[in-house]
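A closer look at the structure
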Amino acid sequence: MKGRGPIPVPFPLGRNMKIVIVGAGAMGRFLGGMLGRSGNEVIFVEKDPGIVVQDGKSIEACDLTILAVKSYVTASAARGIRHLVTESSPILTLQTGLGNVETLCEILDPENILGGVTYHGSTSLRDSMVRHAGTGRTIIGGIDGEIGERVERVQALLNASDIHTRITDNVMGHIWAKALVYSAVNPLTALLQLKNGQLTEKMESISLAKRLIDEGKQVAQAYGIQLPGEDLYDSLLEVCRKTSENLSPMLQDLLNGRPTEIDALNGAIRTMGEARSLGVITHQTMTELVRLAEKWHKVSEP
């Protein structure tokens, strides 16, 4: 079990925390609502003028930063709040997709970065409202395998806010596992315009989803990624069942004329697979189809 030993006052004792959430999309608002409801001070950093937020540079300090932005703005978001990230005030990324942790490590001290995944579903509504559209696991850990007091404090914070969370010493494996599952769920639901639960109603869509997962697993193996022991097919079915009424983030983006995260999912798997001479034709096809759908939906550049 890895760790750096004791660190100075990782989080304040005996009081609620000041938490900065970067990104007030569906997931960011869900997290903020849950954390705020349990008594914490929550501040959003978001460019959407319809949401009451602050500019990251105007915040002097906080106890924890949670990154919930789209992958294509990870770098700019990290630069805007890097003064908040310290040994006693880490940043937790709960983003979906590949490459976010690596981007953060180029801008921030890797020792102050915690990684994580959440399988909760949330759908944006009007007037900055969000609907919690399905429960799921949340898993966190240090990107270097850290399991210590700092990670345990974040776990306790999330658990106290009814975001039931467990700790792992292989968070990168879990980030990859979620990316492989959602590289099947997100593009298929977006292209077919289905709710998550509808994806498992036809054998053809299940077969295609499994093919995407199989190609992704080959890429992960080629890069030496230690995937968790869970069956990814079972994870796919679980996600679709527990978030059956949810519109995937990729479908929400297309419907709202926003750029999707296809490049952090199927696009990343395709690029990495081709670099190792692996056949990733299904991911290539999904990437090209979603990019074409963005053009038809007149998505503006991020």
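Every value quoted in this text rests on a predicted model; they were computed, and no experiment measured them.

Analysis parameters
Each chain has its residues counted from 1, running along the sequence as written. In keeping with the predicted nature of the model, local features appear solely for residues at pLDDT of at least 70, side-chain atom pairs appear and are counted solely at 80 or more, and the whole-chain, interface and lining totals rest on all residues. Excluding hydrogens and water, the side-chain figures rest on all heavy atoms present in the structure. Two strands make a pair as long as DSSP finds a minimum of two bridges between them. Put simply, DSSP marks the helices as runs of H or I at least four residues long and the strands as runs of E at least two long, and each gets a number from the N terminus on. Classification remark: right-handed applies to a crossover when, strands pointing away from the viewer, the course from the first strand over the helix to the second runs clockwise. Within a predicted model, pLDDT stands for the predictor's per-residue confidence, ranging from 0 to 100. In this analysis, two residues are considered to be in contact whenever any of their non-hydrogen atoms come within 4.5 Å of each other. Whenever a carboxyl oxygen of Asp or Glu lies within 4 Å of a side-chain nitrogen of Lys or Arg, that contact is scored as a salt bridge. Only protein chains enter the accessibility calculation, which uses a 1.4 Å probe. A residue is then buried if its area is under 20% of the maximum for its type, exposed if over 50%, and partly exposed in between. Points on a 1 Å grid, built from protein atoms alone, make a cavity when a 1.4 Å probe fits but cannot get out and make a pocket when they are open with protein on both sides within 12 Å along at least 5 of 7 lines; residues with an atom within 4 Å of a point are the lining residues. Grid points are joined across faces, edges and corners, and a volume is the space filled by probe spheres set on the points. Here the term charged refers only to Asp, Glu, Lys and Arg, the term nonpolar to Ala, Val, Leu, Ile, Met, Phe, Trp, Tyr, Cys and Pro, and the term polar to all other amino acids, Gly among them.

It is worth spelling out the pairing of strand β2 (residues 41–45) at this point. With 5 bridges joining them, strand β1 (residues 18–22) and β2 adopt parallel strand pairing. By the bridge assignment for β2, Val22 is matched with Val45. Between the parallel pair β1 and β2, the chain is carried across by helix α1 (residues 26–37), and the sense of this crossover is right-handed.

This brings us to the confidence of the model for the protein. Mean pLDDT over the protein stands at 90; residues scoring 70 or higher make up 91%. Considering only residues more than four positions removed or in separate chains, one finds that residues 1–11, a stretch of pLDDT under 50, has 26 contacts.

Now for the pattern of salt bridges. Here the structure, examined in full by the defined rule, presents 11 salt bridges. Put simply, Asp253 and Lys70 hold a salt bridge, and the shortest N to O gap is 3.0 Å. On the criterion of sequence distance, the pair formed by Asp253 in helix α8 (residues 249–255) and Lys70 in the loop between β3 (64–67) and α2 (74–81) is long-range, its members being 183 residues apart. Between Lys242 and Glu238 there is a salt bridge whose closest N-O contact spans 3.2 Å. Of this pair, Lys242 and Glu238 both sit in helix α7 (residues 232–242), separated by 4 residues, roughly a single helical turn. Classification of Lys242 by relative accessible area gives partly exposed; the value is 33%. Each of Lys70, Asp253, Arg258 and Glu261 takes part in a single network of salt bridges with overlapping partners.

To continue, consider empty space enclosed by the protein. Tallied over the entire structure, the rule returns 1 cavity of 30 Å³ or more. For the largest cavity, the calculated volume is near 60 Å³. In terms of lining, the largest cavity is formed by Tyr119, Thr135, Gly136, Arg137, Glu238, Val239, Lys242 and Thr243. Split by residue class, the lining of the largest cavity holds 2 nonpolar, 3 polar and 3 charged.

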